[in-house]
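Secondary and tertiary structure notes
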Amino acid sequence: MEGDGGTAAAWMATHRGMYERATRHPFTVSIRDGSVDLAAFKRWLGQDYMFVREFVAFLASVLLKCCKESDSSDMETILGGLASLSDELSWFKKEAAKWSVDLAGISPLSSTPSVPKFLQSLDDPEISYSVAITTFWIIETVYQDSFAFCIEEGNKTPAELGTCQRWGSPEFKQYCQSLQRIADRCLANAPHDVVVVKRAEEAFLGVLELEIGFWDMSSSQS
Ligand SMILES: Cc1ncc(CO)c(N)n1
C-alpha cells in the first residue's frame, strides 16, 4: 500500500511514528499475542458500536459531497462502504450478544475520544470532498492495518475473537487501497489548493490521534 508515490503514502512515511502508535497499539498487539484482557475487549466492543453509528452519518455526508463534487465511480465505492457498515452493525449486535455486552444501555465513557465532535466537524458542507475522503480512507486503514497484523503469521489471536477477520482480510485491504487511490487522485488534483491539502493532512493526523485515544480508552483499567 505504501511506496506508490501518492500523497497518502507520503504522509504515512512522514508521520510514521504516529501511524505506528495507531496501528501497533498495545491493545491490538495484545489481541495478536493472545494476552488481551476480556474486560478491555468488551469495552472496545460497546464503544466501537457507538463509533460505527456516528460513522454511518459521517459517511453519508461523504457520499453527498461525492455526488456533488466528484465523478460517479467514486459513488459506488462509497456506497459499498455504507453497505458494509450495515453488515458491521449486525456483526456488533451478534458479538455483543455472544459476550453479554448490553448495547442498548451503552453510553460514551469519559475516556472515549469525542467521536461525534470530530466527525461532525468534518461533515460540514464547507469541508471539501478531498478532505472528507482522506478522512474516510485513514479511519478504515488504521483498522485494516491493526487487525491484519493480528492475523499475520506468528499470531496467537484467540479464535473466538472474530474481530480480526472483519478488518484484517485481504478484501478489506483492497477496499482501503481503492479509497487510497481516490484520496490520492483528489489531492493530486488540488496541487495549487494548498489549503485543501493542508486541511487533509490535519484531518489525517486528527484521525491518528483519535484512533490512539480510542485504543487507549479500550485498554485503560476498568
Ligand atoms: C474507532 C474506529 N476506527 C475505525 C473503524 C473502522 O471502521 C472503527 N470501526 N472504529
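Read on for a plain summary of the structure. From a predicted model like this one, the values you see are computed outputs, not experimental measurements.

Taken together, the residues surrounding the ligand are D48, F51, V52, F55, E88, I139, E140, Y143, W167, E211 and F214. Measuring from a nitrogen atom of the ligand, one finds a side-chain N or O atom of E211 at 2.8 Å. Contact with the protein chains hides 100% of the accessible area of the ligand, taken as 280 Å² for the molecule alone. Taking a 2 Å distance to the grid points as the criterion, the majority of the atoms of the ligand fall inside the largest cavity. At the level of elements, helix 4 (38-69), helix 7 (129-151) and helix 10 (194-219) are the ones that each hand at least two residues to the shell around the ligand. Ranked by the residues each element gives to the shell around the ligand, the list is headed by helix 4, at four residues. Classifying every residue of the shell around the ligand gives seven nonpolar, no polar and four charged.

Our focus in this paragraph is empty space enclosed by the protein. The method is simple in principle: a probe with the dimensions of a water molecule rolls over the atoms, and the space it marks as empty is what remains. In total, this model carries one cavity of 30 Å³ or more according to the counting rule given. As a volume, the largest cavity reaches approximately 90 Å³. Every residue lining the largest cavity is listed: D48, F51, V52, F55, E88, I139, E140, Y143, W167, E211 and F214. When contributions to the lining of the largest cavity are tallied by element, the ones reaching two or more residues are helix 4, helix 7 and helix 10. Among the elements that line the lining of the largest cavity, the one with the most residues is helix 4, at four residues. The residue makeup of the lining of the largest cavity, split by class, is seven nonpolar, no polar and four charged.

Before going further, it helps to examine the environment of Y175. Mapped onto the elements, Y175 comes out in helix 9 (residues 170-188). Assessed through its relative accessible area of 16%, Y175 is described here as buried. In this structure the C-alpha to C-alpha distance between Y175 and G81, which are 94 residues apart in sequence, comes to 8.5 Å. Those residues in contact with Y175 that lie beyond four places of it in its chain are T77, I78, G80, G81 and F136. A distance of 3.2 Å separates the side chain of Y175 from the backbone nitrogen of G81, its partner in a polar contact.

In this section: the side chain of S130. As for its placement among the helices and strands, S130 is situated in helix 7. The contact partners of S130, leaving out residues within four places of it in the chain, are C186, L187 and V196.

What counts and how
- Residues numbered from 1 in each chain as written.
- Predicted model: local features only at pLDDT ≥ 70, side-chain atom pairs only at ≥ 80, totals over all residues.
- Heavy atoms only, no water.
- Near = heavy atom within 4 Å.
- Polar contact = N/O pair within 3.5 Å; in protein donor to acceptor, adjacent residues only side chain to side chain.
- Areas by Shrake-Rupley, 256 points an atom, 1.4 Å probe, with all protein chains shown as cover.
- 1 Å grid on protein atoms, 1.4 Å probe; cavity = no way out; pocket = protein on both sides within 12 Å on 5 of 7 lines; lining within 4 Å.
- Sits in = over half its atoms within 2 Å of the grid points.
- Helix = DSSP H or I, 4+ residues; strand = E, 2+ residues; numbered from the N terminus.
- Nonpolar A, V, L, I, M, F, W, Y, C, P; charged D, E, K, R; others polar.
- Points joined across faces, edges and corners; volume = space filled by probe spheres on them.
- Buried < 20%, exposed > 50% of the residue type's maximum accessible area, 1.4 Å probe, protein only.
- Contact = heavy atoms within 4.5 Å.

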